[in-house]
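# Tertiary structure, described
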Amino acid sequence: MIIVMAANAPQASIDRVVSEIERMGSRAHLSRGQFHTIIGAIGEEGAVDHNHLASLDGVEKVVPIMKPYKLASREFHEDDSVVEVGSGKVPTVRVGGKHAMCIAGPCAVENEKMLWTIARHVRDGGATVLRGGVYKPRTSPYSFQGVGLEALRWMRACGDELGMPICVEVMDTRQVESMEPFVDCFQIGARNMQNFDLLREVGKTTKPVLLKRGLSASVKEWLMSAEYVLSMGNRGVILCERGIKTFEDSIRYSLDITSIPVAKQWTHLPMIVDPSHAAGKRDWVNALALGGMAAGAHGVIVEVHYNPCEAQCDGPQALLPEMFRELMGQLRQIAAVSNKEFAEPAVPVGA
Ligand code: PEP
Ligand code: MN
């Protein structure tokens, strides 16, 4: 349930409500709006006493949240959430509300040289966050599985030098601790969307989490997964629609454009699209990216490679640098008519 505090309720009243919620064995999550503070009481159903909370000083009303996800719901947080990616050496990039951005880079970091070359291409093209997988979820155990932690160090150095926060997939709970000091954003892959232990583990960190939609997950299930992260105290969840399995076999996955307005109605969380993994083929990537942005997404994540033939993973869908540049120009136009600001690279092009 949520406890809506009266406009400008004093901090002492807020603290009292929080301590009462905790005394009843639930957790309190605060959402501060312009006038009202909303407190989410999250725990086992039936654990908190509705009437008792309603009687406390400064409480305007107590409302049950009917949705199975609570902290992710619009009831808990009416305005769009804005998530900040990056801190320390790299500039912060905002996503959500009026803020849109592009994450780009190779599917997998294969070696240091290819990473730097692609990173410069995407930064010069206008990407503000660098992606690159160091652990790869492959269908076959005999395919390239990623370079591992060494590649994460290259990603960090590259991101720092080019002024780009880095977004890297984590596949296993055992990787979270060693990756946390390096990454600016954890990526949870589609195949791990319902790895609840992993969701809880990244939920304990302070880094934002890019949560891909599962291959066969409904929007509601996806938001339940977001709830796992949020319930551990991490507010930085960014949703990512990356295509779902349908009967259509001409493309790899069907990018579910419908999920964008649906999710945006149900949740305050920012949402981006991944046209690369949906299309599976570079010819179709830009059209899907533009469609996603036009439908209201807060940006895109795309794979780019200067020589896709030699890529060890997802070469056929990698955009060539010139295709990426063209896409960025078009995305900016859509952002402008959608009243969104598109994040610009912090370090000058070519540096
Ligand atoms: C990826 O981003 O490289 C990836 C494996 O994505 P997904 O989990 O969406 O398949
Ligand atoms: Mn990939």
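Residues numbered from 1 in each chain as written. Chains lettered and ligands numbered in written order. Predicted model: local features only at pLDDT ≥ 70, side-chain atom pairs only at ≥ 80, totals over all residues. Heavy atoms only, no water.

### Topic: the coordination of the manganese ion (ligand 2)
Coordination of the manganese ion (ligand 2) by the protein involves Cys107 (SG), His277 (NE2), Glu303 (OE) and Asp314 (OD), with metal-donor separations of 2.0 to 2.4 Å. As a motif over one chain, the donors of the manganese ion (ligand 2) read C-x169-H-x25-E-x10-D. Pair noted here: Cys107 is in the loop between strand S7 (99-105) and helix H3 (112-125) and His277 is in helix H9 (residues 275-279), with a separation of 170 residues, a long-range link. An identical accessibility class is assigned to Cys107 and His277; each is buried. (Donors = N, O, S within 2.8 Å, 3.2 Å for Na, K, Ca; no water. Helix = DSSP H or I, 4+ residues; strand = E, 2+ residues; numbered from the N terminus. Buried < 20%, exposed > 50% of the residue type's maximum accessible area, 1.4 Å probe, protein only.)

### Re the site of ligand 1
What surrounds ligand 1 is a group of 13 residues, the closest being Arg131, Lys136, Ala190, Arg191 and Arg242. Between an oxygen atom of ligand 1 and a side-chain N or O atom of Lys136, the distance comes to 2.8 Å. Across the complex, the protein chains shield 97% of the 290 Å² of accessible surface that ligand 1 would expose by itself. By residue class, the composition of the shell around ligand 1 is three nonpolar, three polar and seven charged. (Near = heavy atom within 4 Å. Polar contact = N/O pair within 3.5 Å; in protein donor to acceptor, adjacent residues only side chain to side chain. Areas by Shrake-Rupley, 256 points an atom, 1.4 Å probe, with all protein chains shown as cover. Nonpolar A, V, L, I, M, F, W, Y, C, P; charged D, E, K, R; others polar.)

### Section: the domain arrangement of the chain
Where interface size is quoted, it is often the accessible area lost as the parts come together. Split by domain assignment, the chain resolves into domain 1 (2-63) and domain 2 (83-342). A separation of 35 Å is found between the C-alpha centroids of domain 1 and domain 2. (Domains from an automatic or database assignment.)

### As for the side chain of Asn234
With respect to the helices and strands, the residue Asn234 is situated in the loop between helix H7 (219-231) and strand S12 (237-241). Engagement of the side chain of Asn234 in a polar contact is seen with the backbone oxygen of Lys207, the distance being 2.8 Å. Beyond its immediate sequence surroundings of up to four residues, Asn234 is in contact with Val202, Gly203, Thr205, Thr206, Lys207, Val209 and Val229. (Contact = heavy atoms within 4.5 Å.)

### Brief notes about the sheet that holds strand S2 (residues 27-32)
Across the sheet, four strands lie side by side as S2-S3-S1-S4; this open sheet has antiparallel pairing. A strand with exactly one partner marks an edge of an open sheet, and here the two such strands are S2 and strand S4 (59-63). On average, adjacent strands in this sheet sit at an angle of 20° to one another, irrespective of strand direction. (Pairing = 2+ DSSP bridges. Axes fitted to C-alpha atoms, helices over the stretch in contact; angles between N-to-C directions.)

### With respect to the nonpolar core
Counting 75 residues, the largest nonpolar core has Cys102, Val122, Leu130, Leu211, Leu239, Val302 and Phe324 as the members making the most contacts within it. Two domains each put at least three residues into this core: domain 1 (2-63) and domain 2 (83-342). Once you skip the residues sitting within four places of it in the chain, Cys102 turns out to touch Ala127, Thr128, Val129, Val300, Val302, Phe324, Met328 and Phe342. Met5, Ile21, Ile39 and Leu56 belong to the second largest nonpolar core, which has 16 residues in total. (Core = buried A, V, L, I, M, F, W, Y, C linked by side-chain atoms within 4.5 Å.)

### A look at the pairing of strand S9 (residues 166-169)
A two-sided burial pattern is seen for S9, the buried positions comprising Ile166 and Val168 on one face and Cys167 and Glu169 on the other. Handedness of the strand S8 (residues 129-131)-helix H4 (residues 149-162)-S9 crossover: right-handed. One ladder, built from three bridges, connects S9 with strand S10 (residues 185-188); its direction is parallel. For Val168, the partnering residue across the bridge sits in S10 and is Phe186. (Right-handed = clockwise from strand over helix to strand, strands pointing away.)

### Concerning the pattern of salt bridges
As enumerated under the stated definition, the model contains 18 salt bridges in all. Across the pair Arg213 and Glu241 runs a salt bridge whose closest N-O atoms are separated by 2.8 Å. Here the residue Arg213 occupies a position in the loop between strand S11 (209-212) and H7, and Glu241 occupies one in strand S12, the gap between them amounting to 28 residues. One exposure class covers both Arg213 and Glu241, and it is buried. A single salt-bridge network, built from bridges that share partners, covers Arg16, Glu20 and Arg23. (Salt bridge = Lys/Arg side-chain N within 4 Å of Asp/Glu carboxyl O.)

### Looking at the packing of aromatic side chains
The full count for this structure, using the stated rule, is one aromatic pair. Seen from their ring centres, Phe196 and Tyr228 are 4.5 Å apart, and the 20° between their planes marks the pair as stacked. You can see Phe196 sitting in helix H6 (residues 196-203) and its partner Tyr228 sitting in helix H7, a full 32 residues away along the chain. Judged by its relative accessible area of 25%, Tyr228 is partly exposed. (Phe/Tyr/Trp six-rings, centres within 6.5 Å; stacked < 30°, edge-to-face > 60°.)

### Re the environment of Pro64
Looking at the secondary structure, you find Pro64 in the loop between S4 and strand S5 (83-85). Considering only alpha carbons, one finds Pro64 and Ala41, 23 residues apart in sequence, at a separation of 9.6 Å.

### Let's talk about the environment of Ile38
With respect to the helices, strands and loops of the structure, Ile38 is situated in strand S3 (residues 37-42). Owing to a relative accessible area of 14%, Ile38 belongs among the buried residues under this scheme. Expressed as a C-alpha distance, the spacing of Ile38 and Ala7, which sit 31 residues apart in the sequence, is 10 Å. Once you skip the residues sitting within four places of it in the chain, Ile38 turns out to touch Ile2, Ile3, Val4, His29, Leu30, Ser31, Glu75 and Phe76.

### Regarding the pairing of S11
Here is the key point about a regular strand: its side chains alternate between the two faces of the sheet. Of the two faces of S11, the one lined by Val209 and Leu211 and the one lined by Leu210 and Lys212 are each fully buried. Note that S10 and S11 share three bridges and pair parallel. Along S11, the bridge assignment pairs Gln187 with Leu210. Once you follow S10 into H6 and on to S11, the crossover reads as right-handed.

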